[in-house]
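Listed below are the residues making up each chain.
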Amino acid sequence: MTFLFNSTEERARVFAVRFAEELPDIRFVRNGDAFDPADVRYLITWTAPDDLGRFSSLEILFSIGAGIDQLNTDALPPHVLVVRMVEEGITRMMQEYVTLGVLALHRQLPLYITQQKEARWQAHDLLPATQRRVGVLGLGMMGSAVIERLKPFGFPIAGWSRSPRSLDGIRSFHGKEGLAALLAETNILICLLPLTPETVGILDADLFSRLPAGAGLVHVGRGQHLDQAALIEALDSGHLSGAVLDVTDPEPLPADHRLWNHPGVILTPHIASKVEAAPAAKAVIDNIRRHRAGLPLIGLVDRGRGY
Ligand code: NDP
Ligand code: OXD
């Protein structure tokens, strides 16, 4: 029985030690090693190898990240379980990044960075956090954790999900009708949705037009959620005041893409959060044990729903 590891060598070293200690009956192999594909029972990877069909005994496909859209799970037989990464470290890093993004927009950082480049000393009006309304698309593991971290600043917060959710101290909306209501009362919009057929392209011109003038965007979902041309248009027209983007389509953007140096944009290379090897190995080993014991898996993806 084989566990196939397809990620960085730095992570592989940590996983290999933990597997040897905790699941010695499972053979741990890296993608470059010699192994029989028919023996692979478990696979961890970011994107699925093209030839997934070789792994005829595959039972669980683990994502090395929180998202699974990049795995192209349609190609998998229906009995294969898909499990995303659930561990505290990635959630904490996401809380940091989104807090950074919200505060950057709240305190007009893109504008002040532009002014600094022009050696221009000019103060603008300040709005208290209690008057800056934050809206969060996606109330899952990341969205709800980010909300908890933002609450102490005093922003009024609302959230949007697919099914009704009730989170302490926030206004929550769901479904198509709920989205318009959330947007109408959002000054800083955070996207923490998974990429599914329902959410692809959701951050488009129509959505931006429903936000109040001067709103900002923190986008940490997936590049394909965003119509980049529509964002640039909304920023250029002044309807949106700024955007913090951690994901783009493609990644990286071409060198001459306008988003690289748009004065209203802060752009980072998909680093909002990163899976650390030790907690990731623990999460995977725990899940294999749960699977063997017939217990529900942590982070099991509903393949029909797409997340
Ligand atoms: P979860 O699966 O825990 O939560 C997803 C949330 O989105 C749920 O609240 C769900 O609603 C909601 N949702 C899904 N589809 C829709 C829809 N059609 N309409 C409205 N709401 C919808 O995911 P996570 O919080 O763990 O992660 C979210 C995403 O963040 C990942 O899929 C990935 O794309 C991104 N990510 C980005 C990282 C980065 O470094 N930039 C790092 C990690 C994640 P419901 O509650 O009703 O199910
Ligand atoms: C993830 C990511 O999904 O890093 O974990 O984007």
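Residues numbered from 1 in each chain as written. Chains lettered and ligands numbered in written order. Predicted model: local features only at pLDDT ≥ 70, side-chain atom pairs only at ≥ 80, totals over all residues. Heavy atoms only, no water.

Student: Give me the overall build of the chain: which residues, what numbers.
Tutor: Of regular secondary structure, the chain possesses 8 helices and 12 strands. A globule of 307 residues ought to have a C-alpha radius of gyration of about 19 Å, and the chain, at 21 Å, matches this closely. Referenced to the eigenvectors of the C-alpha coordinate spread, the extents of the chain come out at roughly 65 × 40 × 30 Å. Relative to its 307 residues, the chain shows a buried fraction of 47%. For the chain, long-range pairs separated by at least 24 residues make up 60% of all intrachain contacts whose partners lie at least 6 apart in sequence. Total accessible area on the chain is roughly 14900 Å²; 54% of this is exposed by carbon and sulfur atoms. (Helix = DSSP H or I, 4+ residues; strand = E, 2+ residues; numbered from the N terminus. Rg over C-alpha atoms; globule rule 2.2 N^0.38 Å. Buried < 20%, exposed > 50% of the residue type's maximum accessible area, 1.4 Å probe, protein only. Contact = heavy atoms within 4.5 Å. Areas by Shrake-Rupley, 256 points an atom, 1.4 Å probe, with all protein chains shown as cover.)

Student: Outline the site of ligand 2, supporting the account with residue identities and numerical values.
Tutor: Lining the immediate environment of ligand 2, one finds Trp46, Gly65, Ala66, Gly67, Arg222, His270 and Ser273. The backbone of Gly67 places a nitrogen or oxygen atom 2.8 Å from an oxygen atom of ligand 2. Note that an oxygen atom of ligand 2 is positioned 2.6 Å from one of the side-chain N or O atoms of His270. In the complex, the protein chains occlude 82% of the 210 Å² of accessible area that ligand 2 would expose alone. Among the residues making up the shell around ligand 2, the classes are represented as 2 nonpolar, 4 polar and 1 charged. (Near = heavy atom within 4 Å. Polar contact = N/O pair within 3.5 Å; in protein donor to acceptor, adjacent residues only side chain to side chain. Nonpolar A, V, L, I, M, F, W, Y, C, P; charged D, E, K, R; others polar.)

Student: Kindly report on the packing of aromatic side chains, identifying the contributing residues and their values.
Tutor: How two aromatic rings sit relative to each other is set out by the distance from centre to centre and by the angle between their planes. Throughout the structure, instances matching the rule amount to 9 aromatic pairs. Measuring from centroid to centroid gives 6.5 Å for Phe3 and Phe15, while their planes differ by 25 degrees, and the two rings are stacked. Of this pair, Phe3 sits in strand 1 (residues 2-6) while Phe15 sits in helix 1 (residues 9-22), and the two are 12 residues apart along the sequence. Overall, Phe15 belongs to the buried group, its relative accessible area being 0%. Seen from the ring of Tyr307, Arg305 lies directly overhead, with NZ or CZ sitting 3.9 Å from the centre. (Phe/Tyr/Trp six-rings, centres within 6.5 Å; stacked < 30°, edge-to-face > 60°. Lys NZ or Arg CZ within 6 Å of the ring centre and 35° of its normal.)

Student: Outline the pattern of salt bridges, listing residues and values.
Tutor: Two side chains of opposite charge can pair, provided their charged atoms sit close to one another. Evaluation of the coordinates by the stated rule reveals 17 salt bridges. With its nearest N and O atoms 2.7 Å apart, the salt bridge here joins Arg292 to Asp25. With Arg292 in helix 8 (residues 277-292) and Asp25 in the loop between helix 1 and strand 2 (27-30), the pair connects residues that are 267 residues apart, well separated along the chain. Ionic pairing is found between Glu198 and Arg162, a salt bridge with its closest N-O pair at 3.5 Å. (Salt bridge = Lys/Arg side-chain N within 4 Å of Asp/Glu carboxyl O.)

Student: Run through the sheet that holds strand 9 (residues 188-191), naming residues and quoting values.
Tutor: Taken in spatial order, the 7 strands of this open sheet run 8-7-6-9-10-11-12, and their pairing is parallel. Edge positions in the sheet fall to strand 8 (171-174) and strand 12 (265-267), since each of these pairs with one other strand and no more. Adjacent strand axes in the sheet meet at a mean angle of 15 degrees, parallel and antiparallel pairs treated alike. Relative to strand 7 (residues 157-161), strand 6 (residues 134-137) is paired through 4 bridges, and the arrangement is parallel. Looking at strand 7, one finds that Val134 is bridged to Ile157. (Pairing = 2+ DSSP bridges. Axes fitted to C-alpha atoms, helices over the stretch in contact; angles between N-to-C directions.)

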